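Chain residues, written in single-letter form:
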Amino acid sequence: MATNGTSGAGGRAPVKKAKVAQTHTGLVRQARRINRELAEVYPYAHPELDFENPFQLLVATVLSAQTTDLRVNQTTPALFAKYPTPEDMAVADPEALEEILRPTGFFRAKAKSVLALSADLRDKFDGEVPGTLEDLVTLRGVGRKTANVVLGNAFGVPGITVDTHFGRLARRFGWTTSQDPVKVEEDVAGLFPPSDWTMLSHRVVFHGRRICHARKPACGACPIAPLCPAYGEGETDPVKAEKLLKYEKGGAPGQRLKPPPDYPGQPAPPLAAS
Ligand code: SF4
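Residues numbered from 1 in each chain as written. Predicted model: local features only at pLDDT ≥ 70, side-chain atom pairs only at ≥ 80, totals over all residues. Heavy atoms only, no water.

K.L.:
Can you walk me through the overall build of the chain in this structure?
P.N.:
Within the chain one finds 12 helices and 0 strands. For the chain, the sequential pattern of α-helices and β-strands runs α-α-α-α-α-α-α-α-α-α-α-α. Going through the 274 residues of the chain one by one, you find that 52% of them count as buried. Looking at the chain alone, contacts between residues at least 24 apart form 63% of all its contacts between residues at least 6 apart. Entry remark: accessible area of the chain is about 12,700 Å², with carbon and sulfur atoms responsible for 55%. (Helix = DSSP H or I, 4+ residues; strand = E, 2+ residues; numbered from the N terminus. Buried < 20%, exposed > 50% of the residue type's maximum accessible area, 1.4 Å probe, protein only. Contact = heavy atoms within 4.5 Å. Areas by Shrake-Rupley, 256 points an atom, 1.4 Å probe, with all protein chains shown as cover.)

In structure tokens form, the structure reads like this:
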């Protein structure tokens, strides 16, 4: 198993290298190797939102825009206790709903989205969350990213979830050059079989949240550094890089308040790192 150091993938010390053009076959090999390494680093990767059914996952995913999953997990127990079904949520008093959603930020817009998608579920889908991409994206406030999260984790349908972390890492790995999430999804889908898509998404997002951060990637403490064409974009000094690690890699709990049993570092305190 790869360790949390720069010798994880192949035991070689990484060096900053010039970016060279890859053949498609070479890119596929590199991509799948990175996925295998990430699977060893994050064997417990999973959605970081707490949910008990597809409706809860759908709403929690909508609420997770512009905030942490931890913040959403702290908010949804009260929300679903008061409005357990789409029918209940669709007739919620908007001000009461906004008050519950306030800690997640952009709470007025989020309350509107949640009310609208609950009404859509009630009126068009008999109160059930549909299990296809085509139907999910017809719900107000639901785009491809949210739809893929719900499909992959509530219905077992393979999906690539291109959030800010996934897009950034896919570009750093050389899997795409696009900023457009739909094109990123397409490019990455061409490198992996569908059976890999959902877990790949979790692993890449886990890596982005814990080690390969947007502004200061912790390259010097990164287990996949020897495989990464972007090694050197961040801090390469191992001691300084170690200090940049977050959640369980940095010695703190993860984001779930009701985690699966194999999830390390639980329970999460109320104010973990963002
Ligand atoms: S950019 Fe740095 S931290 Fe990110 S995957 Fe590459 S080596 Fe690791």
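Back to the text.
K.L.:
Whenever I open this one, empty space enclosed by the protein confuses me. Can you help?
P.N.:
If a probe the size of a water molecule is rolled over the atoms, the empty space left behind becomes visible. According to the stated counting rule, one finds 1 cavity of 30 Å³ or more in the structure shown. The space that makes up the largest cavity amounts to roughly 110 Å³. Within the lining of the largest cavity, the residues separate by chemical class into 12 nonpolar, 1 polar and 2 charged. (1 Å grid on protein atoms, 1.4 Å probe; cavity = no way out; pocket = protein on both sides within 12 Å on 5 of 7 lines; lining within 4 Å. Points joined across faces, edges and corners; volume = space filled by probe spheres on them. Nonpolar A, V, L, I, M, F, W, Y, C, P; charged D, E, K, R; others polar.)

K.L.:
Sorry if this is basic, but what is going on with the site of the ligand here?
P.N.:
Not every one of the 13 residues close to the ligand is listed here, only the nearest: H207, C212, C219, C222 and C228. Judged by the proximity of its atoms to the pocket grid, the ligand belongs to the largest cavity. Its residues assigned to classes, the shell around the ligand shows 11 nonpolar, 1 polar and 1 charged. (Near = heavy atom within 4 Å. Sits in = over half its atoms within 2 Å of the grid points.)

K.L.:
How should helix α5 (residues 94–101) be read in this particular structure?
P.N.:
Residues spaced three or four apart along an α-helix face the same direction, because each turn holds 3.6 residues. For α5, every residue scored as buried is listed here: L97, E98, I100 and L101. Angular distribution of buried residues about the axis of α5 spans 160 degrees; they occupy a single face of the element. Tucked inside the fold, the buried residues of α5 contact α2 (54–63), α3 (69–82), α4 (86–90) and α6 (107–124). (Arc of directions from axis to C-beta.)

K.L.:
Could you clarify how one ought to interpret the pattern of salt bridges in this entry?
P.N.:
A side chain of one charge can pair with a side chain of the opposite charge when the charged atoms of the two come close. A full pass over the atoms with the stated rule returns 14 salt bridges. Residue E52 pairs with K258 through a salt bridge whose shortest N-O separation is 3.2 Å. Note that E52 is positioned in the loop between α1 (24–41) and α2 and K258 in the segment after α12 (238–242), a separation of 206 residues in sequence. You can call E52 exposed: its relative accessible area is 59%. On the accessibility criterion, K258 (48% relative accessible area) is partly exposed. In this structure, the salt-bridge partner of D187 is K183, at a minimum N-O distance of 2.6 Å. Pair noted here: D187 and K183 are both in helix α10 (residues 181–189), with a separation of 4 residues, about one helical turn. Connected through shared salt-bridge partners, E48, D69, R209, R210 and E248 make up one network. (Salt bridge = Lys/Arg side-chain N within 4 Å of Asp/Glu carboxyl O.)

K.L.:
Would you mind going over the confidence of the model for the chain with me for this structure?
P.N.:
Reading fine detail from the predicted coordinates is not recommended where pLDDT is low. Residue-level pLDDT values for the chain average 91, and 88% of them are 70 or greater. This model gives residues 1–8 a pLDDT under 50, and the stretch forms 27 contacts once residues within four places in sequence are excluded. The low-confidence segment residues 267–274, where pLDDT is below 50, has 18 contacts with residues more than four positions distant or belonging to other chains. (pLDDT = per-residue confidence, 0-100.)

K.L.:
Looking at this structure, how should I read the nonpolar core?
P.N.:
Burial of nonpolar side chains together is a common tendency in soluble globular proteins. Membership of the largest hydrophobic core comes to 39 residues, with the highest contact counts inside it found for Y42, F166, W175, V188 and F192. Where this core is concerned, the elements lending two or more residues are α1, α9 (164–172), α10 and α11 (194–210). If one sorts the elements of this core by residue count, α1 sits on top with 6 residues. In contact with F166, not counting residues within four places along its chain, are I160, T161, V184, V188, L200, S201, V204 and V205. (Core = buried A, V, L, I, M, F, W, Y, C linked by side-chain atoms within 4.5 Å.)

K.L.:
Could you clarify how one ought to interpret the UniProt feature "binding site: [4Fe-4S] cluster" (unreviewed entry) in the chain in this entry?
P.N.:
Within this structure's numbering, the places UniProt gives as "binding site: [4Fe-4S] cluster" (unreviewed entry) are C212, C219, C222 and C228. Spanning 17 residues, the annotated positions come together in the fold, the maximum distance between their C-alpha atoms being 10.8 Å. The annotated residues that sit in the lining of the largest cavity are C212, C219, C222 and C228. Within the secondary structure layout, C212 lies in the loop between α11 and α12. Contact partners of C212, with chain neighbours within four places excluded, come to R168, L169, R172, H207 and P217. Relative to the assigned elements, C228 resides in the loop between α11 and α12. (UniProt positions renumbered as here; feature names shortened; annotations may be inferred.)

K.L.:
Explain the layout of surface pockets here, please?
P.N.:
As a volume, the largest pocket reaches approximately 730 Å³. Sorting the residues of the lining of the largest pocket by element identifies α2, α8 (144–154), α9 and α11 as the ones contributing at least two each. Among the elements that line the lining of the largest pocket, the one with the most residues is α11, at 6 residues. Taken domain by domain, the makeup of the lining of the largest pocket includes at least three residues from each of domain 1 (24–46 + 159–250) and domain 2 (54–154). (Domains from an automatic or database assignment.)

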